Each structure stands twice: as structure tokens, then as C-alpha cells.
Amino acid sequence: MKLLQFIENGNIKLGIKTNQGILDVAMAADLLMLSSYKGIDIHDVIEGGEERLARLADLAERALSHPESARLLLDENGLEWASCVTRPGKIICIGLNYRKHALETGQPTPQYPILFNKFNNTLHAHLKPVSLPKVSAKVDYEAELGVVIGKRAKYLDAKNALDCVFGYCCANDLSARDLQLRTSQWLLGKCCDGFSPVGPYLVTSDEVGDPNQLAIRCAVNGEIRQQSNTADMIFSVAEIVSYISQHMTLFPGDVIFTGTPEGVVLGYPPMEQVYLQPGDVVTVEIEKLGALTNRMAAECEKA
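Now for a quick tour of the structure. Residue numbers here run from 1 along each chain, matching the order of that chain's written sequence. Where totals are concerned, whole chains, interfaces and linings use all residues; where local detail is concerned, this predicted model gives features only for residues with pLDDT of at least 70, and gives and counts side-chain atom pairs only at 80 or more. Note that water and hydrogens are dropped before the side-chain values are worked out from all heavy atoms of the structure.

Here we come to the overall build of the protein. A run of H or I in DSSP becomes a helix once it reaches four residues, and a run of E becomes a strand once it reaches two; helices and strands are each numbered from the N terminus. The helix and strand tally for the protein stands at 7 helices and 19 strands. Each radius of gyration is computed over the set of C-alpha atoms, and the globule rule expresses the reference value as 2.2 Å times the number of residues to the power 0.38. Over its C-alpha trace the protein gives a radius of gyration of 19 Å, about what one expects of a compact globule, namely 19 Å for 303 residues. Restricting to contacts in the protein with at least 6 residues of sequence separation, those with at least 24 account for 76%. Carbon and sulfur atoms make up 50% of the accessible area of the protein, which amounts to about 13700 Å² in all. On the protein, the mean spot of the 28 positive side-chain charges and the mean spot of the 37 negative ones are 4 Å from each other. In this analysis, two residues are considered to be in contact whenever any of their non-hydrogen atoms come within 4.5 Å of each other. For every accessible area listed, the method is Shrake-Rupley and the probe measures 1.4 Å; residues are considered covered only by the protein chains on display. For the charge count, each Lys or Arg is scored as positive and each Asp or Glu as negative, with His and the chain ends excluded. To locate a charge, the coordinates of NZ of Lys, CZ of Arg, CG of Asp or CD of Glu are taken.

Have a look at this one:
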């Protein structure tokens, strides 16, 4: 199932992508007189587990077969998108997790996953402009596979770690390289407002299959900059989830960014590095997950 969130009259609403259009879950619940779905959002679905997801699938099937189903369907092109997750307890990121990316940056292959974090202020939606911070001149794109946890988990074995994954999404780990490399800690360059676009959809794990067999690419103004496959990860998704769970409890709604492939601006020779500018359009596309697009904008000066 492809889930998404959108904004209507200032409120975040839940949608389901179908062949006929985007199903407005709240409107469908009203039509079918299912009061328990009033105000439901994507985190309610994630926390509700397989039972809630099965009930949501049943709602969608009933709604689409209803004689008035047409009024429940929205045109995707007319949506004001919200990020596909809105209140994760943790956003954990993995650095240097693609073999060719480690090579292009001149870094040795990590022996253990390199962990850093982001915060909820970085979450951003599909088609929402990203303000380039005025304190940085070197903002870079990073196409990444996002993983959303669906069950509370600790001390997972890699063999069953994927059982706790709810679904996957496209993600862009935007990075202000001048701030990131100012000190030995990366956080400052990773946590500017809007630096974690995710979406447009959160695709349930059953539709994705093996997360380490997905084509991934990034385009800037239509020019392909990154083109790889998640099979090039040094640490697989299962290994990452297992490793994190050895050190902290994972909760439903937690998000993991799994690293980026080669082709980022930082990997170019210094004289060829052209960082993102206002007006640039960045699209992250991952097989089975859709395409996440954001335009870069100048940060407005405050009076």
C-alpha cells in the first residue's frame, strides 16, 4: 500500500494512492460511517500495526466500490503535500554506506555503521521549496532510502530485523558541507530547517520486497547526478536496523536514512564543485517508491 499525507484547510490528512487517484481516508470513513477513522494520520496506522493496516485496506476496498467513490478521489497534481511521516521519535542517519561513495570522498570503508542524527525541524514535504540557509554556501543533495520502523524493537538479529520495518520512502539528506566539516561533528551541517525531505509516499514493506535490490538516482535540473542500486550498500538495511537496535530501542515511526551513493557534489574535484543554488530542482527517485522533488529557494532575510 502506498500511503501519503496532504494538507487541506491547514490540517494534515491521510491518503492512499490508488489506480483511480488519491483516496481521502477521512472522507471515505465519513461516507462509510466509520467514526474510528476520524482524524487518523499515518502514525496511527504505523503504531496500529498489521491489524490497523488490514482495516485500512478493507476501508479502501469498500470505498472504491461505493457508488459515490468518485467524490472521494483527489487528483495527485492538485495536492498540497505533507511529509510522509511527521512526528518520528528519532531520525537516525548512516554515513558513508555505499562503497563507491566512500571511494569518491577518499574515506576508508567503515568497519561499523557511522551513525548521526537529524531532528523533526528538518522534515520536509514533496514539492515544498527548501530554503537554502544564508549561513552556508555549500548545500549538497544526497539521495537515500528511508526506512520507517513499525514495531518496538531491541537487540534484533539481522536475520529478522526487517520484520520490524513498516515501510520505505524516498529521502534527501540535504547537507551543508561547509557547516558539516567545520568540526569533527557533522550535526550542524545536517540539521538546518527542511533538510530532510521525505516522500511522496510511504510504501509498505510487503510492496517493496528486498530493500537492497532497488534502483536509486538523483537528478538536479533534469541532469542525473547519482545513479546506483541499494545493493551497493556496505551495510544492508537489515544489518543497519539490527546494529541500531543493539544500542537503542527502536519505536514505531522512527526513521532511518540509510546512506547515499556516489555522485554528490562533495565527491567532485574541488574546481568542479557547484553546490545547490536558488531555483535548482532536485529529484530523488527510488524503484517502487516514486519520485521526491524539491526546488531550492533563497532563505528570506528577516527584518
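Moving on to the packing of aromatic side chains. Ring pairs are drawn from Phe, Tyr and Trp, using the six-membered ring of Trp, whenever the two centres fall within 6.5 Å, and their geometry is named by plane angle: stacked under 30 degrees, edge-to-face over 60, tilted for the rest. Taken as a whole, this structure holds 3 aromatic pairs when the rule is applied. For the pair Trp81 and Tyr201, a centre-to-centre distance of 6.0 Å together with 75° between the ring planes defines the contact as edge-to-face. Taken as a pair, Trp81 in strand E5 (residues 81-82) and Tyr201 in strand E14 (residues 196-204) lie far apart in primary sequence, 120 residues in all. Note on exposure labels: buried denotes an accessible area under 20% of the residue type's maximum, exposed denotes more than 50%, and partly exposed covers the range between, all computed with a 1.4 Å probe on protein chains only. Residue Tyr201 is classed as buried on the basis of its relative accessible area, which comes to 6%. Measuring from centroid to centroid gives 5.5 Å for Phe116 and Trp186, while their planes differ by 65°, and the two rings are edge-to-face. Here Trp186 lies in the loop between helix H4 (177-180) and helix H5 (187-190) and Phe116 lies in strand E7 (residues 114-118), a separation of 70 residues in the sequence. Judged by its relative accessible area of 11%, Phe116 falls in the buried class. By relative accessible area, which is 24% here, Trp186 ends up partly exposed.

Quick look at the sheet that holds strand E15 (residues 215-220) now. Between any two strands, at least two bridges found by DSSP are needed for them to pair. Pairing in this open sheet of 5 strands is mixed, and the strands run E9-E19-E18-E15-E16 from one edge to the other. At either end of the open sheet lies a strand with only one pairing partner, and these are strand E9 (130-132) and strand E16 (223-229). Across this sheet, the average inter-strand angle for adjacent strands is 20°, counted without regard to direction. Here E9 pairs with strand E19 (residues 290-298) via 3 bridges, running parallel. Across the sheet, Val130 pairs through a bridge with Met296, a residue of E19. Fitting a line to C-alpha atoms yields each axis, with helices limited to the stretch in contact; the angle taken between N-to-C directions then spans 0 to 180 degrees.

Moving on to the pattern of salt bridges. Whenever Lys or Arg places a side-chain nitrogen within 4 Å of a carboxyl oxygen from Asp or Glu, that contact is recorded as a salt bridge. All chains considered together, the criterion is met by 16 salt bridges. In this structure, the salt-bridge partner of Lys13 is Glu8, at a minimum N-O distance of 3.0 Å. Its relative accessible area of 14% is what places Lys13 among the buried residues. The partly exposed category is assigned to Glu8, whose relative accessible area is 31%. We note a salt bridge from Lys190 to Glu142, for which the minimum N-O separation is 3.3 Å. With a gap of 48 residues between them, Lys190 in helix H5 and Glu142 in the loop between strand E10 (139-140) and strand E11 (143-149) connect regions that are remote in the sequence. Take Lys190 and Glu142: they sit in the same class, and that class is buried.

This part takes up helix H7 (residues 237-245). Burial runs high along H7: 7 of the 9 residues are buried. If you follow the buried residues of H7, they end up packed against strand E6 (91-95), E7, E11, strand E12 (165-172) and strand E17 (255-257).

To continue, consider the environment of Gly259. As for its position among the elements, Gly259 is in the loop between E17 and strand E18 (281-286). Accessibility expressed as a relative area gives 0% for Gly259, which makes it buried. Spatially, the C-alpha atoms of Gly259 and Asn172 are 9.8 Å apart, while their sequence positions differ by 87 residues. The residues touching Gly259, leaving out its near neighbours within four places in the chain, are Ile94, Asn97, Tyr98, Ala143, Glu144 and Leu145.

One ladder, built from 4 bridges, connects strand E2 (residues 11-18) with strand E3 (residues 21-24); its direction is antiparallel. Looking across to E3, one finds that Gly15 is bridged to Asp24. Following E2, the chain reverses through 2 residues before pairing antiparallel with E3. Pairing geometry for E3 and strand E4 (residues 73-74), over 2 bridges, is antiparallel. Bridge assignment links Ile22 to a residue of E4, and that residue is Leu74.

Throughout, disulfides are identified as pairs of cysteine sulfur atoms within 2.5 Å of each other. This structure, assessed with the given rule, holds 0 disulfides. For Cys169, which is in no disulfide, the shortest distance to another cysteine sulfur is to Cys84 and amounts to 4.0 Å. Cys169 sits in the buried class, given a relative accessible area of 1%. Considering cysteine sulfurs only, Cys170 is the nearest to Cys218, which forms no disulfide, with 11 Å between them. By relative accessible area, Cys218 is classed as buried at 0%.

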